[in-house]
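Residue-level listing of the chains:
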Number of protein chains: 2
Amino acid sequence: MAPRSSWLSIPADSHFSLANIPFGIITSRHSQIEKRAAVAIGDHVLDLKAFAADGGFSALPSFQEHVAVFSQPTLNAFAALGQPVHREVRAYLQDIFAADTAHPEILKDNAALQKAALLPKHDTKTHLPMQIGDYTDFFAGINHASNVGTMFRGAANALQPNYTHLPVGYHGRASSVVVSGTPIRRPNGQILADPSAEPKVPVLGPSRRLDIELELGCFLCTGNRMGEPIPIGEAASHIFGFVLMNDWSARDIQTWEYVPLGPFNAKNFGTSISPWIVLADALEPFRAPKLKNETPVLDYLKEEREDTVYDIQLEVDLTTPDGGTTTLSRTSGKYLLWSFAQMIAHHSIGGCPMATGDLLGSGTISGTGKNDLGSLLEMNEGGKKEIMIVGMDVRTFLLDGDTITLRGVCGGEPGALVGFGECSGTILSAPDLP
Amino acid sequence: MAPRSSWLSIPADSHFSLANIPFGIITSRHSQIEKRAAVAIGDHVLDLKAFAADGGFSALPSFQEHVAVFSQPTLNAFAALGQPVHREVRAYLQDIFAADTAHPEILKDNAALQKAALLPKHDTKTHLPMQIGDYTDFFAGINHASNVGTMFRGAANALQPNYTHLPVGYHGRASSVVVSGTPIRRPNGQILADPSAEPKVPVLGPSRRLDIELELGCFLCTGNRMGEPIPIGEAASHIFGFVLMNDWSARDIQTWEYVPLGPFNAKNFGTSISPWIVLADALEPFRAPKLKNETPVLDYLKEEREDTVYDIQLEVDLTTPDGGTTTLSRTSGKYLLWSFAQMIAHHSIGGCPMATGDLLGSGTISGTGKNDLGSLLEMNEGGKKEIMIVGMDVRTFLLDGDTITLRGVCGGEPGALVGFGECSGTILSAPDLP
Ligand SMILES: [Ca+2]
Ligand SMILES: [Ca+2]
Ligand SMILES: [Mg+2]
Ligand SMILES: [Mg+2]
Ligand code: NI
C-alpha cells in the first residue's frame, strides 16, 4: 500500500512523514519568547497555537474546549488529556495534511493560515517538550548490562541475580535533562588517579572517561494515585510517547562513587533528549518482540503479548572538532529485556505515584555484535582499546569539542518513515576547579 | 537574657516561639480550597495572604512589591527571593508579634486583622510546603552507615572506601514526598521468601520489614545554572530552611533490588516531612560541630568553620493501634559527618543544576548508644531482636496501624524554643496484589 500522500511537499526521506506527526515545543523567529506546541511535518512545523487561534480545530469540535493546551510552554497539559485525545488530534492533523483531506478549507486552501502557522523548520527553535516531574533510568538493555557486568565481574557473574526478575532502575536527576543541541560541559568530580592503589585516594578533576549511553526515553501522559499501583494491562495506556536519549556518563566518577547507593554525579550533569515526542500510536506498526527472558516473571509483570518493544533503527555518530563524522554504532530499539509497560508496572507496584511528564529511560541499548554497541565503554572494551574514527584519528572516551548525534527511525518505505530526528550534544571543556 | 515576650499568648513549651517563625502552607476552615502561606506562632498561625491583603506589610516597604508570593499554593516563590528577604520578613514578623512592637497598629491593636489573619492552629490544615523539583537523599549519618555496614559486611568493612571522602547520596523520588499526617500504605514488592536459598527466587508480597529513617530535610531557596558548581563558601546561602523527614524504607525489598543501582521501590512509596520550614537563621544559635572526619577532604568540600550542623534534639515515638506510645529513640541532629553545605557543594561539583524547592535529606541520624538510633533495623539488630514497647508488646518492624511520630526541637529555655513540631505517619495495610 502506497503511503498516504500530502498536499505539502514532504521529502521522501523525512523522519516526519504523514505517518508520524510528533509533538514538540517551539519558539519561532517571529516570536522568540513565547513557547508553544507544534508538530513536525517534513521540513516544516505546524505552530499549534497559531493554528488553533485561527480556527484550525474547527472541524474537530470535541477538541475545541481544549485548544488552550497548545499555548502552554510545555506539552504537559496536552499529555494529561490522555491517549484517546492524542489519538484523535493526531488523526485529525494527518487528515489536515493529506492530499485528499476532508477539510481543504482549513489549511490546504487557506494561504493565510499557512502563512501564520506552517513555519519552515529552520525558522524555529525546539525546547524541552515536557516539564519533567521525576526521571527514572532503567537498565533493560540486557546486552549492555551483560557486556559491562562481564568487564567488572567476569562472564559467570555478569548479571546480578535480580536482573531477569525485575526491571532494575534508579531515580535520575530531572533538572539536568536538556533538549538536543544543548552543549554538555565535561564534569569535574572525584576520581581515583590510581584506581589500584590502597588506600584509595581521590583527586578532584575533569572526568577522563566521559561516555555516552544510547537510550530510548518514554514520557508518561497520566499517572496514578499514591498507594495504587498501575496494573500491567493498563500500563501502556499511561504512555504519551518516546524520544531518543543520551545518558551522558562519567565512568571514572561512577566507579568511585556508586557503591552502595548507585550512580550520582556520574550521571546528573546532563541527559539529552530529542525534541519531538513520537506518540505511541505512530510506533504501533513497528512492534517487535522483546528479548527472550528465560526466567519466569511474576504475574504483575506478565504481558499478554511479546511484541511490546519497537524495531527502531538507531545510530550513533561522533563528529570531531575538525568536522569528520564516524558512525560508531547501528543497532535497534528492540534489544530490551523489559518493555516500558513492565517498567511502569514495576515502578508503581509499591504505590509510588507517577505523573504526567515523568520520563523513563530504557537503559543503554546494545546489540550482540561489535558494531551495534550503545556506549563507548563497550566499544573500547573497558577503556583498553582505541576506537578507530575517520581522519586517521582514534578515541577511547570523548574529547572536548566532540559532538555525539543519536538518530532513530522506523520503517523503510520512502514517504512513510516514522523517525525521531536527532539528539545531539557537544562536549565543552570542564570549568576551572573551585 | 530572658526571651523577647509577645503580646500574643504563646505556651512556654511551644516549638513555635517568637524565636522561631517557621513558614508553611495552610488551608483554613474558612477557605478549605485556597492554599496560602503562613507562619506558625504558638498555638496560632498567621495567614500571610490575609495579613498582606489588609496592610500587614505596610511597615516593610521593601517587601510590598513581593507580597503576592504569599498567595501562592507553595513557598517556592517566597523562597526564590533569597535569604536576605527571608531574614527581613522573619525579623519583621518577630517585631509584629513582640510585646514592644514598633508597629502596634498593624496587628497588636488591630482586632479586625487579628480576626482575619491570626487563626487558631486547630482550625487550619497544613500541606506540602514546597513544590519539590528534585529530591536527593544523602547518607551523612556515619553512625547509621557504620551500624548497618557492620551488619552486612562486618566491622572492618562497615564503611565503603568513598564514605569519608564524599557525602554519599542518591537521587530519590520527589513525587512521593508527603506532608506529616498523610497515611503511608505498606508497599507490595519483590522479596525473597528465603534469602539464603539458591537460586534466589522472589515472590510478590507486602513488605515484612517496613522501617523508618529519622532524617533532617533541607530545602533550597536558590540554585545554580547547569555547568556552574556552587562553591562551598556560598553553599549555605542557597538554603531556605529545614524540616524533619521520615524516609520510610522497606528493607526486604531493598536487599533484593539495590545492587547495583541503589534503592528504588524500597524507598519510593513515601517520604514524610514536617509541615513547617524552620529557616536557617532560626537555627543559627544552635550550631554544633560536625562529627570529626579523620580523612582530609578535598578543597571543594572544606568549610571555614566546623560548627555547620545543628544540635536539634530529636525523638522517635511509636504509637500502636491501641494508642500506647513508646519513645524509641532520643538523639541529636548534630550526628552527621557532612553538613548540608558540603552536600550542596558536592551535588553541584559536576555542574548538576539545583533549583528552588529541591529537597536534600541528611541520611539516617543515629547516636552511638542503644537508645539513640534512627532506624528500627539498628534497634532490632538487623531484624534479630525484638524491641520492647509499652503494654507488654514488642516490635521488630512496623505493623499495620502503627504510627511513627518524629519530633525535633532546639534550646531549652521556656518561651524560646525553636522546634519543628511533628512529622507523623500511620501505616495502612498493603493493597490487594494485582
Ligand atoms: Ca543509563
Ligand atoms: Ca535515607
Ligand atoms: Mg544522565
Ligand atoms: Mg522514602
Ligand atoms: Ni525586593
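Bear in mind the structure is a predicted one, so any value in this text is a computation, not a measurement. (Residues numbered from 1 in each chain as written. Chains lettered and ligands numbered in written order. Predicted model: local features only at pLDDT ≥ 70, side-chain atom pairs only at ≥ 80, totals over all residues. Heavy atoms only, no water.)

Turning to the overall build of chain A, a few remarks are in order. Scanning chain A for helices and strands turns up ten helices and 26 strands. In summary, chain A has a C-alpha radius of gyration of 22 Å against a globular reference of 22 Å for 434 residues, a match within 12%. Along the first, second and third principal axes, the C-alpha set of chain A runs to 75 × 55 × 45 Å. For chain A, with 434 residues in total, the buried portion stands at 60%. (Helix = DSSP H or I, 4+ residues; strand = E, 2+ residues; numbered from the N terminus. Rg over C-alpha atoms; globule rule 2.2 N^0.38 Å. Buried < 20%, exposed > 50% of the residue type's maximum accessible area, 1.4 Å probe, protein only.)

This brings us to the UniProt feature "binding site: Mg(2+)" (unreviewed entry) in chain A. Residues and elements named next belong to chain A. The feature "binding site: Mg(2+)" (unreviewed entry), as given by UniProt, occupies Asp247, Lys267 and Thr271 in the numbering adopted here. Look at the named residues: they lie 25 residues apart in sequence, but the longest C-alpha span between them is just 7.6 Å, so in the fold they bunch up. Looking at the secondary structure, you find lysine 267 in the loop between α7 (251–257) and β16 (271–273). You can call lysine 267 buried: its relative accessible area is 7%. Polar side-chain contacts of lysine 267 include one of 3.2 Å to the side chain of aspartate 247. As for its placement among the helices and strands, threonine 271 is situated in strand β16. Contacts of threonine 271, omitting those with residues within four sequence positions, involve Tyr135, Ser176, Val177, Val178, Met245, Asn246, Asp247 and Trp248. (UniProt positions renumbered as here; feature names shortened; annotations may be inferred. Polar contact = N/O pair within 3.5 Å; in protein donor to acceptor, adjacent residues only side chain to side chain. Contact = heavy atoms within 4.5 Å.)

Attention shifts here to the interface of chain A and chain B. At the interface, 60 residues of chain A touch 60 residues of chain B. With both chains or domains summed, chain A and chain B bury close to 5500 Å², and 63% of this area falls on carbon and sulfur atoms. Contact with chain B buries area across many residues of chain A, yet His171(A), Leu261(A) and Phe264(A) alone supply 15% of it, more than any other trio. Connecting chain A to chain B are four salt bridges. A salt bridge links Arg173(B) to Asp358(A); its shortest N-O distance comes to 2.6 Å. Summed over the shared surface of chain A and chain B, the number is 27 residue pairs in polar contact (both at pLDDT 80 or more). For the side of chain A that touches chain B, a count of residues per class yields 33 nonpolar, 21 polar and six charged. (Buried area = accessible area lost by both parts, 1.4 Å probe. Salt bridge = Lys/Arg side-chain N within 4 Å of Asp/Glu carboxyl O. Nonpolar A, V, L, I, M, F, W, Y, C, P; charged D, E, K, R; others polar.)

The sites that carry the UniProt feature "domain: Fumarylacetoacetase-like C-terminal" (unreviewed entry) are, in the present numbering, residues 143–418 of chain A. When the span residues 143–418 of chain A is considered, its composition is 14% helix and 29% strand, and the gap between its end C-alpha atoms is 25 Å.

Residue and element names in this part refer to chain A. Looking at the calcium ion (ligand 1), the protein donor atoms are Asp137 (OD), Glu213 (OE), Glu215 (OE) and Asp247 (OD), and they sit 2.2 to 2.3 Å from it. Read N to C, the donor residues that coordinate the calcium ion (ligand 1) are spaced as D-x75-E-x1-E-x31-D. Placement of the pair is aspartate 137 in strand β6 (residues 135–138) and glutamate 213 in the loop between β12 (210–211) and β13 (214–220), with a sequence separation of 76 residues. For aspartate 137, a relative accessible area of 2% gives the class buried. For glutamate 213, a relative accessible area of 5% translates into the label buried. (Donors = N, O, S within 2.8 Å, 3.2 Å for Na, K, Ca; no water.)

Tallying each qualifying case throughout the model produces 53 salt bridges over all chains. As a salt-bridge pair, Arg251(A) and Glu213(A) come within 2.9 Å of each other at their nearest N and O atoms. Here Arg251(A) is found in helix α7, whereas its partner Glu213(A) is found in the loop between β12 and β13, with 38 residues between them in sequence. Taken as a pair, Arg251(A) and Glu213(A) share a single burial class, namely buried. As a salt-bridge pair, Arg87(B) and Asp281(B) come within 2.6 Å of each other at their nearest N and O atoms. Highlighted residues: Arg87(B) in helix α3 (residues 83–97) and Asp281(B) in helix α8 (residues 280–283), separated in sequence by 194 residues. For Asp281(B), a relative accessible area of 22% gives the class partly exposed. Linked by salt bridges that have partners in common, Asp211(A), Glu213(A), Asp247(A), Arg251(A) and Lys267(A) make up one network.

Quick look at the relation of the copies chain A and chain B now. Mapping chain A onto chain B is achieved by rotating through 180° and translating by 0.0 Å along the same axis, at an RMSD of 0.0 Å. Expressed as a symmetry operation, the mapping of one chain copy onto the other fits a two-fold axis. Ranked by how close their C-alpha atoms come to the rotation axis, the residues of chain A are headed by Gly262(A), at 2.2 Å. When the interface residues of chain A are mapped onto chain B, 100% of them are again interface residues, pointing to one common binding face. (Least-squares fit on C-alpha atoms with pLDDT ≥ 70 in both.)

Residues and elements named next belong to chain B. Bound to the magnesium ion (ligand 4) on the protein side are Asp247 (OD), Lys267 (O) and Thr271 (OG1), at distances that span 2.3 to 2.7 Å. Counting residues between consecutive donors of the magnesium ion (ligand 4) along the chain gives the motif D-x19-K-x3-T. Within this pair, whereas aspartate 247 is found in the loop between β14 (239–246) and β15 (249–250), its partner threonine 271 is found in strand β16 (residues 271–273), the two being separated by 24 residues in sequence. Here aspartate 247 falls in the buried class, since its relative accessible area comes to 0%. Residue classification places threonine 271 among the buried residues on the basis of a relative accessible area of 1%.

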